[in-house]
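Fold and contact review
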Amino acid sequence: MSGQPKSTDRLAEVEQLTAALTDQILDAQIMNRPISEDLVQALAKAARLLHDNDIPWPPMLTQVLNELVQDRTEPEPEPEPSIDPTDDSALKGLSRFLGVFRREKGQAE
């Protein structure tokens, strides 16, 4: 038995999990609930894995990632002194990744 079917099965599972993460984020956006940093990081890692294996992103994944980056780059009001700002390092990394992805996609077309 070769390793190819297991790899294909695992990538199919990553696609399913990516869809589930995308749905969770869309649900949180619709319900105006906060989106956890862990959820964003998991989605970014899954998107990267799909990209690295030349699996096209579903349109909803692209939309959600773009919205997350856009939401985080818009200026926000200054937080109150008693509230610590959250660490947005994952979103900065996601922004860089999407920039590279867009450049690669533009070169491929």
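Check the entry above for the structure.
I will try to describe carefully the structure that is included in this document.

Before going further, it helps to spend a moment on unusual backbone geometry. The backbone phi angle of N32 is positive, close to 60 degrees, even though this residue is not glycine. Tracing the sequence through the fold places N32 in the loop between α1 (4-30) and α2 (37-52). Looking at N32, the relative accessible area reads 70%, which means it is exposed. The backbone of D54 sits at a positive phi, close to 55 degrees, despite the residue not being glycine. Mapped onto the elements of the fold, D54 is located in the loop between α2 and α3 (59-73).

Summed over all chains, the structure comprises two salt bridges. Note that D52 is salt-bridged to R48, the shortest N-O span being 3.3 Å. Taken together, the residues D52 and R48, both in helix α2 and four residues apart, mark about one turn of the helix. For D52, a relative accessible area of 47% corresponds to the partly exposed category.

What follows is about the environment of L11. Relative to the helices and strands, L11 is located in helix α1. For L11, a relative accessible area of 17% translates into the label buried. Not counting residues within four places of it along the chain, the set of residues in contact with L11 comprises N53 and I55.

Rules behind the numbers
- Residues numbered from 1 in each chain as written.
- Predicted model: local features only at pLDDT ≥ 70, side-chain atom pairs only at ≥ 80, totals over all residues.
- Heavy atoms only, no water.
- Helix = DSSP H or I, 4+ residues; strand = E, 2+ residues; numbered from the N terminus.
- Buried < 20%, exposed > 50% of the residue type's maximum accessible area, 1.4 Å probe, protein only.
- Salt bridge = Lys/Arg side-chain N within 4 Å of Asp/Glu carboxyl O.
- Contact = heavy atoms within 4.5 Å.

Bear in mind that shape data such as this cannot, by itself, settle questions of function.
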